[in-house]
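Descriptive analysis of the structure
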Amino acid sequence: MKDTLGLMQDALPAFVLDSNATQLSSMNRTPPNPPTEQPAIAGSDEELMVAFSRGSADAFSELFSRYKQPLYGFFRRRVADPAQAEELAQETFLAVLRAAARYEMSALFRTYLYAIALKILGAHRRKTAFRATFLGTAITREPALPNTLEAGLLLRQAVGKLERVDREILLLREFEQLTYAEIADLLHLPLNTVRSRLFRSRMALRDLLAAPVPKPSPETPTESEGRV
C-alpha cells in the first residue's frame, strides 16, 4: 500500500500541470497534445474504492478521473482563487489516499468524498480567517462562481448574500447535485431541515435576483471627478 500511495501522490500534481499546459497552449494558439486515453475500469465508485483500499492503483486512477473535475468545481464555487481550488482538490484526494485502509462501504463514495472536502474547506477558511486577524491579510469574499457574464456576476453576488448554511445546502443540491439525504448526512442536519432551508434559500435567491440593481446617485462624484 505504501508504494501505491507514493505512486498516486506523484500522479496528482499532473492534474494541475495538465491544466496549466492547456491554458498556455490556448494563449499561444497551439492545440495541446491529446491526453493518452486509458481504458475505463468498470464498477461503482464504492467498488472501486474498496478495490483501491486493497491495493489497486488502477481503481484509484479511475476514481480520480471521475471526480477530479467535480471536486475542482466544488472548491472553485467556494474560493476565489482557481489555483487555491486546485490545491484544495488535490489535498482532498491525498486525504482519501491516506484514509483508504480505513474505508468502509457504508455510504456512497461521493458522500464520503464531499465530507472530506468540507472538512478541508473548513480548515482552509479557519486558516484564512486567522491570517486576516493576526497577519492583516484580506479575506476574499465567497463563493466565487466562475462566470464572467453579467448574469453570472449577479448570481454570484446573490448567492454570497445567503446565510452560510443555506448557501452550502443550495450549492450542494444545485451544483454537486447531492440528494437531500446526502446533504443531511454531510451537514449533520435533519432531513426536513435540509428541505425547508433549501426552499428558503431558493426563495431568497429568487427575491435577490428579482430586486432592481441600484444605480449610482448622480450627485455622487465619479472617481475622476473626486480627484484633486
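Residues numbered from 1 in each chain as written. Predicted model: local features only at pLDDT ≥ 70, side-chain atom pairs only at ≥ 80, totals over all residues. Heavy atoms only, no water.

**Concerning the packing of aromatic side chains**
What characterises a pair of aromatic rings is the spacing of the ring centres plus the angle enclosed by the ring planes. Definition in use: Only rings of Phe, Tyr and Trp enter the pairing, Trp through its six-membered ring, and a pair is recorded when the two centres are within 6.5 Å. The plane angle decides the type: under 30 degrees is stacked, over 60 is edge-to-face, the rest tilted. The numbering of helices and of strands both runs from the N terminus, where a helix is a DSSP run of H or I of at least 4 residues and a strand a run of E of at least 2. To sort residues, take the accessible area from a 1.4 Å probe on protein chains only and compare it with the maximum for the residue type: under 20% means buried, over 50% means exposed, and anything in between is partly exposed. Ring-over charges, as used throughout, are those where CZ of Arg or NZ of Lys falls within 6 Å of the ring centre and within 35 degrees of the ring normal.
The final tally for this structure, using the stated rule, is 9 aromatic pairs. Measuring from ring centre to ring centre gives 6.5 Å for Phe-60 and Phe-64, while their planes differ by 20°; the resulting arrangement is stacked. In this pair, Phe-60 and Phe-64 both sit in helix α4 (residues 57-76), 4 residues apart, roughly one turn of the helix. Residue classification places Phe-64 among the buried positions, given a relative accessible area of 15%. Centroid distance Phe-64 to Phe-93: 4.7 Å. Interplanar angle 65°. Geometry classified as edge-to-face. Here Phe-64, found in helix α4, pairs with Phe-93, found in helix α5 (residues 82-98); they are 29 residues apart in sequence, far enough to count as distant. A single burial state applies to Phe-64 and to Phe-93, both of which are buried. Three or more aromatic residues joined by ring pairs make a cluster, and in this case those are Phe-52, Phe-60, Phe-64 and Phe-93. When the ring centre of Phe-74 is taken as reference, the NZ or CZ atom of Arg-78 above it lies at 3.9 Å.

**Side note on the environment of Gly-160**
Note on placement: Gly-160 falls in helix α7 (residues 150-160). For the pair Gly-160 and Leu-205, spaced 45 residues apart in the sequence, the C-alpha separation amounts to 9.7 Å.

**Here we look at the packing of helix α8 (residues 164-174) against helix α9 (residues 180-187)**
For the record, the criterion: Note on geometry: axes are C-alpha line fits, over the in-contact stretch for helices, and angles between N-to-C directions span 0 to 180 degrees. Convention used here: angles under 35 degrees read as roughly parallel, angles over 145 as roughly antiparallel, angles from 65 to 115 as roughly perpendicular, and any remaining angle as oblique. We call a crossing left-handed when the near helix sits turned anticlockwise from the far one by less than a right angle, and right-handed when that turn is clockwise. Whether two residues are in contact is decided by their heavy atoms, any of which lying within 4.5 Å being enough. Classification convention: Asp, Glu, Lys, Arg as charged; Ala, Val, Leu, Ile, Met, Phe, Trp, Tyr, Cys, Pro as nonpolar; all other residues, Gly among them, as polar.
Between α8 and α9, the least distance of the axes is 10 Å, while the angle of their chain directions is 140°. The orientation of α8 with respect to α9, classified from their angle, is oblique. Of the two elements, α8 crosses α9, and the hand of that crossing is right-handed. For the pair α8 and α9, contact is made by Glu-168, Ile-169, Leu-172 and Arg-173 and by Tyr-180, Ile-183, Leu-186 and Leu-187, respectively. Across the contact of α8 with α9, the residue classes break down as 6 nonpolar, no polar and 2 charged.

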